[in-house]
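Listed here are the chains, written in short residue letters.
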Amino acid sequence: MTVSGNASKVKVAIVGSTGYGGVELIRFLLGHPLAEITSVISASSAGVPITDGFPHLSEILVQDLDGVDPEEMAKKADIVFTATPSGVSSKLVPQLLEAGLKVIDLSGDFRIKDGSLYEAWYKHDAPDASVLEQAVYGLSEINGDNVVGSGFISNPGCYPTATLLGLIPALSAGWIDPATIIIDAKSGVSGAGRGTSLMTHYAEINENFKAYKVNKHQHIPEIEQSLSQIAGEQVTVTFTTQLVPMTRGIMCTMYAQLKGAYTDEDLTELYRQYYEGRPFVRIREAGKWPATKEVFGSNYCDIGFAADPRTGRLTIISVIDNVVKGAAGQAIQNMNLMMGWDETTGLKLSPVYP
Ligand SMILES: NC(=O)C1=CN([C@@H]2O[C@H](COP(=O)(O)OP(=O)(O)OC[C@H]3O[C@@H](n4cnc5c(N)ncnc54)[C@H](OP(=O)(O)O)[C@@H]3O)[C@@H](O)[C@H]2O)C=CC1
Ligand SMILES: CC(=O)N[C@@H](CCC(=O)OP(=O)(O)O)C(=O)O
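Note that the coordinates shown come from a computational prediction; the quantities given were computed from them, not determined experimentally.

Enquirer: Quick rundown of the overall build of the chain? Include the residues and the values.
Expert: When helices and strands are tallied, the chain shows 12 helices and 13 strands. The C-alpha atoms of the chain give a radius of gyration of 20 Å, which matches the 20 Å a tight globule of 354 residues would have. With the C-alpha coordinates aligned to their principal axes, the bounding extent of the chain is approximately 65 × 45 × 40 Å. Pairs at least 24 residues apart make up 69% of the contacts formed inside the chain by residues separated by at least 6 positions.

Written out as C-alpha cells, the structure is:
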C-alpha cells in the first residue's frame, strides 16, 4: 500500500513478517523516515490482515499479508528483508536477486563463505556458489564500507554480533592470543524464533537455565571465519550457548590471554578509539559491566572489559538485544549504509527501561 506523500521513500517488503525478526522489522520500519513498508509477506497466511495475528499493530499497519511471489515483490518493492529460516533463504534469495530486488537476508544461509562448512554445521544444502559470493557480510561496524552501495547483505547471527564486536578491537590490535579465546554466551528465548518447542516452552524454561549445542552451535564457523580474517591465521574458539528465562537479550562473556601487560586504561583507549564515530557501540569504563536490560529494545551493543593482572587474562562482556542489534535493527542499519544514509536513521530509540 502506497500512502500519498511517501513517493520519495524507498519501498520495502518483508518475507517472514509473522516471525519475531519480521515483526521487529515492522516496528522499526514504521518509524523510518526514508522507508515505507509496501508488502508484508507470509508463506502460510497470505490474504489475512496482519493485525489478525498481531493486534498490537491495529490501526498502525493496515495491510493484508501477501504470498511469496518474487515477481509481485519486484512490482511493489525496491528492497526485501528475508527474515526466513535457514534453508528457506538459500532457495528464495536467488529468485529475489534475479527479479532485480536488493536483498537483506537475516538467516545463516549466506554468512559462511565455504559452502561445505555451511553444510556441515547447518545440515542444509549450501546456496549456489555464484550467489554466495555476491553476499556481503553485514557486521555494520566492521564491514560497513563493503555494505555501502551493495545490493545483497547477509546479516550476521545474533551471537556472532555480540561476540565479534566484543573481541575484534583486542584481536586486531594483536593484544590477545587468538588460540585462547573462550566465549560463554547466553540468550533470551526469542532467539529461537516464534515456533514452539520442548526446549523453549514455558514450563521448560521458566526458573531454569540450561546449556545447549555445546561445541556444536552453527554460529561457531561464522565467528571463526571473521576472527580468522582479522587474525590472519585460522582461529578456533570454545563457544558455549545457554538459554536464560527472559524474552530478549544476549550476553557474551569472553576470555582470552593477553599478550602484554595491558592495563584497563590501555584497553579503554583502544576500544573507544576503535568504535569512534560508531554510535551503536557503547564502551563502558573498565570494570563497569553492561546488563541486557540496558540495551533492551534498542540497536546498541554495550561492551565492558577488565584485564586481570593476576592471571594475565582479559574478560570482555558484550550485550545486545538479539532481535534488534542481533537481527532486525542491524538489518535496517545495513539498509541505511547500503543506501548511503546515516546509519542511525530510524533506529534512534532508547532502550526500554526497566
Ligand atoms: N530471533 C532472533 O533473535 C534472530 C533470528 N535470526 C534469523 O532470522 C530469521 C528469522 O528468525 P525469527 O523471526 O526468529 O524466526 P521465526 O520462526 O519467528 O519466523 C520465521 C518466519 O519465516 C516464515 N517462513 C517459514 N517458512 C517459510 C517459507 N518457506 N517461505 C517464506 N516464509 C517462511 C514464517 O512465517 P509464515 O509461515 O507466515 O510465512 C515465520 O514467521 C531466521 O533465519 C533466524 O535464524 C537471526 C538473528 C537473531
Ligand atoms: C536461543 C536460540 O535458540 N537461539 C538460536 C539463534 C540462532 C539463529 O537465529 O539462527 P541462525 O543460525 O539463522 O542465525 C540458536 O541458538 O540456534
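Enquirer: Summarise the nonpolar core; cite the residues concerned and give the values.
Expert: With 88 residues, the main nonpolar core has Ile14 and Val80 as its most contacted residues. With 9 residues, helix 8 (residues 158–172) is the largest single contributor of residues to this core. The residue makeup of this core includes at least three contributed by each of domain 1 (10–134) and domain 2 (159–322). Every residue in contact with isoleucine 14, bar those within four places of it in the chain, is listed here: Gly22, Leu25, Ile26, Ile37, Val40, Ile41, Phe81 and Ala83.

Enquirer: Describe the UniProt feature "domain: Semialdehyde dehydrogenase NAD-binding" (unreviewed entry) in the chain, listing the residues and the values that go with them.
Expert: Within this structure's numbering, the places UniProt gives as "domain: Semialdehyde dehydrogenase NAD-binding" (unreviewed entry) are residues 11–150. Between the C-alpha atoms that bound residues 11–150 the distance is 17 Å, and the span itself is 36% helix and 16% strand.

Enquirer: An account of the environment of glutamate 119 is needed here, citing residue identities and associated values.
Expert: Secondary-structure assignment places glutamate 119 in helix 5 (residues 115–122). Here the alpha-carbon distance between glutamate 119 and valine 10, two residues 109 residues apart in the chain, equals 35 Å. With near-sequence residues (within four places) excluded, glutamate 119 lies in contact with His124, Asp125 and Ala126.

Enquirer: Run through the sheet that holds strand 4 (residues 102–105), naming residues and quoting values.
Expert: With respect to topology, 6 strands assemble into an open sheet ordered 2-1-3-4-6-5, the strand pairing being parallel. Among the strands making up the open sheet, the edge pair consists of strand 2 (35–41) and strand 5 (136–137). Pairing geometry for strand 3 (residues 79–82) and strand 4, over 4 bridges, is parallel. Among the inter-strand pairings, phenylalanine 81 is bridged to a residue of strand 4, identified as isoleucine 104.

Enquirer: Got a sec to walk through the site of ligand 1? Specific residues and values, please.
Expert: In the vicinity of ligand 1 lie 31 residues, with Gly19, Gly21, Ser42, Ser107 and Gly193 positioned nearest. Broken down by element, the residue count for the shell around ligand 1 peaks at 3 residues, all from helix 1 (residues 20–29). Looking at the shell around ligand 1 residue by residue, the classes come out as 11 nonpolar, 19 polar and 1 charged.

Enquirer: For the site of ligand 2, give the residues involved together with the corresponding values.
Expert: In the vicinity of ligand 2, the contacting residues are Ser86, Ser107, Gly108, Gly157, Cys158, Ser187, Gly191, Ala192, Gln218, Thr241 and Leu243. For the shell around ligand 2, the residue count by class is 3 nonpolar, 8 polar and no charged. Of the domains in this structure, domain 1 (10–134) and domain 2 (159–322) are the two that each give at least three residues to the shell around ligand 2.

Enquirer: Account for the pairing of strand 1 (residues 10–15), with residues named and values stated.
Expert: As paired strands, strand 1 and strand 2 are joined by 6 bridges and run parallel to one another. Bridge assignment links alanine 13 to a residue of strand 2, and that residue is serine 39. In this fold, the crossover linking strand 1 to strand 2 by way of helix 1 has right-handed handedness. Strand direction decides the pairing type here: strand 1 and strand 3, joined by 4 bridges, are parallel. Each bridged residue has a counterpart across the sheet, and for valine 15 the counterpart in strand 3 is threonine 82.

Enquirer: Lay out the environment of isoleucine 79 in plain terms, naming residues and giving numbers.
Expert: The residue isoleucine 79 is located in strand 3 in this model. For isoleucine 79, a count of 21 C-beta atoms within 10 Å puts it in the buried group. Isoleucine 79 has contacts with Val10, Val12, Leu101, Lys102, Ile104 and Met335, leaving out every residue within four places of it along the chain.

Enquirer: Outline the packing of helix 1 against helix 12 (residues 324–339), supporting the account with residue identities and numerical values.
Expert: Helix 12 packs onto helix 1 with a crossing angle of 45° between their chain directions and a minimal axis gap of 9 Å. The angle between the axes of helix 1 and helix 12 places the two elements in the oblique class. The interaxial crossing formed by helix 1 with helix 12 has right-handed handedness. Contacts from Gly21, Glu24, Leu25, Phe28 and Leu29 of helix 1 reach helix 12 at Val324, Ala327, Ala328, Gly329, Ala331 and Ile332. When the residues that make up the contact of helix 1 with helix 12 are grouped by side-chain class, the tally is 8 nonpolar, 2 polar and 1 charged.

Calculation notes
Residues numbered from 1 in each chain as written. Chains lettered and ligands numbered in written order. Predicted model: local features only at pLDDT ≥ 70, side-chain atom pairs only at ≥ 80, totals over all residues. Helix = DSSP H or I, 4+ residues; strand = E, 2+ residues; numbered from the N terminus. Rg over C-alpha atoms; globule rule 2.2 N^0.38 Å. Contact = placed C-beta atoms within 7 Å. Core = buried A, V, L, I, M, F, W, Y, C linked by C-beta atoms within 7 Å. Buried ≥ 20, exposed ≤ 12 C-beta atoms within 10 Å, placed from the backbone. Domains from an automatic or database assignment. UniProt positions renumbered as here; feature names shortened; annotations may be inferred. Pairing = 2+ DSSP bridges. Near = placed C-beta within 6 Å. Nonpolar A, V, L, I, M, F, W, Y, C, P; charged D, E, K, R; others polar. Right-handed = clockwise from strand over helix to strand, strands pointing away. Axes fitted to C-alpha atoms, helices over the stretch in contact; angles between N-to-C directions. Parallel < 35°, antiparallel > 145°, perpendicular 65-115°, else oblique. Left-handed = near helix turned anticlockwise from the far one by under 90°.

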